[in-house]
Amino acid sequence: MRVLVVEDERYMAEAIRDGLRREAIAADVAGDGDTALEMLSVNSYDIAVLDRDIPGPSGDDVARSIVASGSGVPILMLTAADRLDDKASGFGLGADDYLTKPFALQELVLRLRALDRRRAHHRPPVREIGGLRLDPFRREVHRDGRYVPLTRKQFAVLQVLVEAEGGVVSAEELLERAWDANADPFTNAVRITVSGLRKRLGEPWLIATVPGVGYRIDVPAAGA
């Protein structure tokens, strides 16, 4: 299990991180909202532990971003407030669990393991095509056994293409499925993202452009 701990109190964050590692739970720490969003965009996490009161984008903002991404990463919120309305607002943002400070580390560990078990029951299948292995649950991609680090948008675009199983996907459909409803239909974001994705996956190029139509995963024909 890999966890992102978003906590601006350095000593507490380090204590949580070290305690989780002793329990064989990999933990990264972000001390503010901007760092948390950056780490979420480049790493795959099983659970996010969010302090609501952090510098920069708040814990609530980070939670909204996680939910909007569609990654399905469970959120456990930390707060010094124990009022029912505070908890209600946190759950309303998409939190899966709530822990009030101060708390025992063992309780945090138990809650994290419970969230991980719950998530495991809903794991989407791993997809493989053309030497590419895409794991939607862990948000990981491997090509010919090599791990390929992707941004959140690159992963989303690749997932749509892989699910098409070699079929052509238009730029409009990619924009609709990998971005939000407010995306500019005239943006070149799809072209830029696909270009970056090709470079990350490496040669021989796996994503083919079908002029005037869209993109597809280029799967070699049998016997080729």
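Our structure's up above, just so we're on the same page.
In this text, all values refer to a predicted model and were calculated from it rather than measured experimentally.

### Points about the layout of surface pockets
The calculated volume of the largest pocket comes to roughly 360 Å³. Lining the largest pocket we find 15 residues, and of these A68, S69, G70, K153 and A178 sit closest to its centre. Listed by contribution, the elements that provide at least two residues to the lining of the largest pocket are helix 3 (59-69), helix 6 (152-163) and helix 7 (171-178). With six residues, the single largest contributor to the lining of the largest pocket is helix 6. Looking at the lining of the largest pocket residue by residue, the class counts come to six nonpolar, four polar and five charged. Here the lining of the largest pocket spans two domains, and each of domain 1 (2-121) and domain 2 (127-217) adds at least three residues to it.

### What to know about the pattern of salt bridges
Per the stated rule, a full pass over the model turns up 13 salt bridges. Residue R17 is joined to D18 by a salt bridge in which the shortest nitrogen-to-oxygen separation is 3.1 Å. The exposure class assigned to R17 is partly exposed, which follows from its relative accessible area of 22%. The salt bridge partner of R216 is D218, with a shortest N-O separation of 3.2 Å. A residue is classified by how much of its surface remains accessible, and R216, at 27% relative accessible area, is partly exposed. By relative accessible area, which is 34% here, D218 ends up partly exposed.

### A word on the sheet that holds strand 1 (residues 2-6)
The strands making up a sheet are joined through hydrogen bonds of the backbone, oriented either antiparallel or parallel. Across the sheet, five strands lie side by side as 2-1-3-4-5; this open sheet has parallel pairing. Here the strands that pair on one side only, and so sit at the sheet edges, are strand 2 (26-30) and strand 5 (97-100). Mean inter-strand twist for the sheet, computed between neighbouring axes without regard to direction, equals 20°. Pairing geometry for strand 1 and strand 2, over five bridges, is parallel. For V6, the partnering residue across the bridge sits in strand 2 and is A30. Across the face of the sheet, helix 1 (residues 10-22) comes into contact with strand 1, strand 2 and strand 4 (75-79) while running at roughly 170° to strand 2.

### Quick word on the packing of aromatic side chains
For the structure on display, the rule yields zero aromatic pairs. Above the plane of the ring of Y11 lies R10, whose end atom (NZ or CZ) is 4.6 Å from the centre.

### With respect to the packing of helix 2 (residues 33-42) against helix 3
One way to put it is that helix 2 packs onto helix 3 with a least axis distance of 9 Å and a crossing angle of 20°. Considered as vectors, helix 2 and helix 3 are oriented roughly parallel to each other. Relative to helix 3, the crossing made by helix 2 is right-handed. Contacts between helix 2 and helix 3 involve G33, A36, L37 and L40 from the former and V62, S65 and I66 from the latter. Its residues placed into classes, the contact of helix 2 with helix 3 shows five nonpolar, two polar and no charged.

### Thoughts on helix 7
If you check which residues of helix 7 are buried, you get L174, L175 and A178. Down the axis of helix 7, the smallest arc covering the buried residues is 100°, so these residues share one side. Exposed residues on helix 7 whose side chains face more than 90 degrees from its buried face are E172 and E176. In this fold, the buried residues of helix 7 make contact with helix 6, helix 8 (189-201) and strand 11 (214-217).

Rules used in this analysis
Residues numbered from 1 in each chain as written. Predicted model: local features only at pLDDT ≥ 70, side-chain atom pairs only at ≥ 80, totals over all residues. Heavy atoms only, no water. 1 Å grid on protein atoms, 1.4 Å probe; cavity = no way out; pocket = protein on both sides within 12 Å on 5 of 7 lines; lining within 4 Å. Points joined across faces, edges and corners; volume = space filled by probe spheres on them. Helix = DSSP H or I, 4+ residues; strand = E, 2+ residues; numbered from the N terminus. Nonpolar A, V, L, I, M, F, W, Y, C, P; charged D, E, K, R; others polar. Domains from an automatic or database assignment. Salt bridge = Lys/Arg side-chain N within 4 Å of Asp/Glu carboxyl O. Buried < 20%, exposed > 50% of the residue type's maximum accessible area, 1.4 Å probe, protein only. Pairing = 2+ DSSP bridges. Axes fitted to C-alpha atoms, helices over the stretch in contact; angles between N-to-C directions. Contact = heavy atoms within 4.5 Å. Phe/Tyr/Trp six-rings, centres within 6.5 Å; stacked < 30°, edge-to-face > 60°. Lys NZ or Arg CZ within 6 Å of the ring centre and 35° of its normal. Parallel < 35°, antiparallel > 145°, perpendicular 65-115°, else oblique. Left-handed = near helix turned anticlockwise from the far one by under 90°. Arc of directions from axis to C-beta.

Any functional reading would require information that these geometric values do not contain.
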